[in-house]
Amino acid sequence: MAIGYTWDCKTCDTYPTKSGKSNVVYNVHWRLTATDDTNKDSDGNNWTAETYGSQNVSTDDLSSFINWSSLTNSDVQGWVETALTADKVTAMKTGLDAQIAEKITPTSVTKTLSS
């Protein structure tokens with residue numbers, strides 16, 4: 001099973017102005033989606049799992065500030081991953097992998113009696 005991961009870090013809370021800069025990002029609402037490109041569900045769709053959260057990012061040092069109009073999802077993703085730490089990101093990905101594996105080969109199934 002080959003799993004790819006996609007970050008959505010496009011929704012940000014900003015300070016309208018801070019230290020002479022405009023639209024300074026201080027909090028990111030992120031979503032991490034894992035997609036299994038090998039296995040498909042009964043409808044032919046790739047299995048997916050996702051997690052989401054929000055992450056404060058430091059605004060103490062604005063020396064490498066990027067204007068909002070030039071900011072990309074990739075830029076913000078880097079900030080989020082740094083703030084979360086590599087260990088936490090790895091743990092999240094491992095958890096998503098486990099969710100997909102459970103969907104493919106469930107260890108428990110809920111059933112309802114017909115009468």
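For every chain, the first residue of the written sequence is number 1, and numbering continues from 1 onward in sequence order. Per-residue local features of the predicted model are confined to residues with pLDDT of at least 70, and side-chain atom pairs are confined, for both listing and counting, to 80 or more; whole-chain, interface and lining totals are unaffected and use all residues. Side-chain measures here rest on the full set of heavy atoms in the structure, leaving out hydrogens and waters.

1. Structural notes on the overall build of the protein
Then, in step 1: Elements are defined by DSSP. Helices are runs of H or I of four residues or more, strands are runs of E of two residues or more, and each kind is numbered from the N terminus. Regarding its fold elements, the protein presents two helices and three strands.
Then, in step 2: When the helices and strands of the protein are read in sequence order from the N terminus, they spell out β-β-β-α-α.
Then, in step 3: Projected onto the principal axes, the alpha-carbon positions of the protein cover approximately 65 × 35 × 25 Å.
Then, in step 4: Residues counted as buried form 23% of the 115 residues belonging to the protein.
Then, in step 5: Across the protein, the fraction of contacts at a sequence separation of at least 24, relative to all contacts at a separation of at least 6, is 63%.
Then, in step 6: We get accessible surface area from the Shrake-Rupley algorithm with a probe of 1.4 Å; when it comes to residues, only the shown protein chains can shield them. As displayed, the protein offers around 7,600 Å² of accessible surface, 46% of which is attributable to carbon and sulfur atoms.
Then, in step 7: In this count, Lys and Arg are taken as positive residues and Asp and Glu as negative ones, while His and the chain termini are left out. Charge coordinates come from a single atom per side chain, which is NZ of Lys, CZ of Arg, CG of Asp or CD of Glu. Where the 9 positive side-chain charges of the protein centre and where its 14 negative ones centre are 3 Å apart. The rule is simple: take the accessible area with a 1.4 Å probe, protein chains only, and divide by the maximum for that residue type; under 20% is buried, over 50% is exposed, in between is partly exposed. Whether two residues touch is decided by their heavy atoms; if any such pair falls within 4.5 Å, the residues are in contact.

2. Some words on the packing of aromatic side chains
Then, in step 1: What counts as a ring pair is set by centres within 6.5 Å for rings of Phe, Tyr and Trp (its six-membered ring), and what kind of pair is set by the plane angle: stacked under 30 degrees, edge-to-face over 60, tilted for all other angles. Tallied over the full model, the rule gives two aromatic pairs.
Then, in step 2: Judged by centre distance (4.2 Å) and plane angle (20°), the ring pair of tyrosine 15 and tyrosine 26 falls under stacked. With tyrosine 15 in strand β1 (residues 3–18) and tyrosine 26 in strand β2 (residues 21–40), this pair connects stretches of sequence that are eleven residues apart.
Then, in step 3: Owing to a relative accessible area of 27%, tyrosine 26 belongs among the partly exposed residues under this scheme.

3. As for the sheet that holds β2
Then, in step 1: One requirement defines pairing of two strands: DSSP has to find at least two bridges between them. Taken in spatial order, the three strands line up as β1-β2-β3 in an open sheet, and their pairing is antiparallel. The open sheet has two edge strands, β1 and β3 (46–56), and neither has a second partner. Each adjacent strand pair in this sheet contributes to an overall mean axis angle of 15°, direction not counted.
Then, in step 2: Strand direction decides the pairing type here: β2 and β3, joined by ten bridges, are antiparallel. The axes used here are C-alpha line fits, helices contributing only the stretch in contact, and every angle between their N-to-C directions lies in the interval 0 to 180 degrees.

4. A look at helix α2 (residues 86–104)
Then, in step 1: Here the expected span of a helix is defined as 1.5 Å times the quantity of residues minus one. Compared with the 27 Å implied by 1.5 Å per residue over 19 residues, the 27 Å span of α2 between its first and last C-alpha is a close match.
Then, in step 2: Along α2, the positions that sit buried rather than exposed are Val89, Met92, Leu96 and Ile100. The arc that holds the buried residues of α2, viewed along the axis, is 75°, so those residues lie on one side. It is the directions from the helix axis to the C-beta atoms that the arc portrays.

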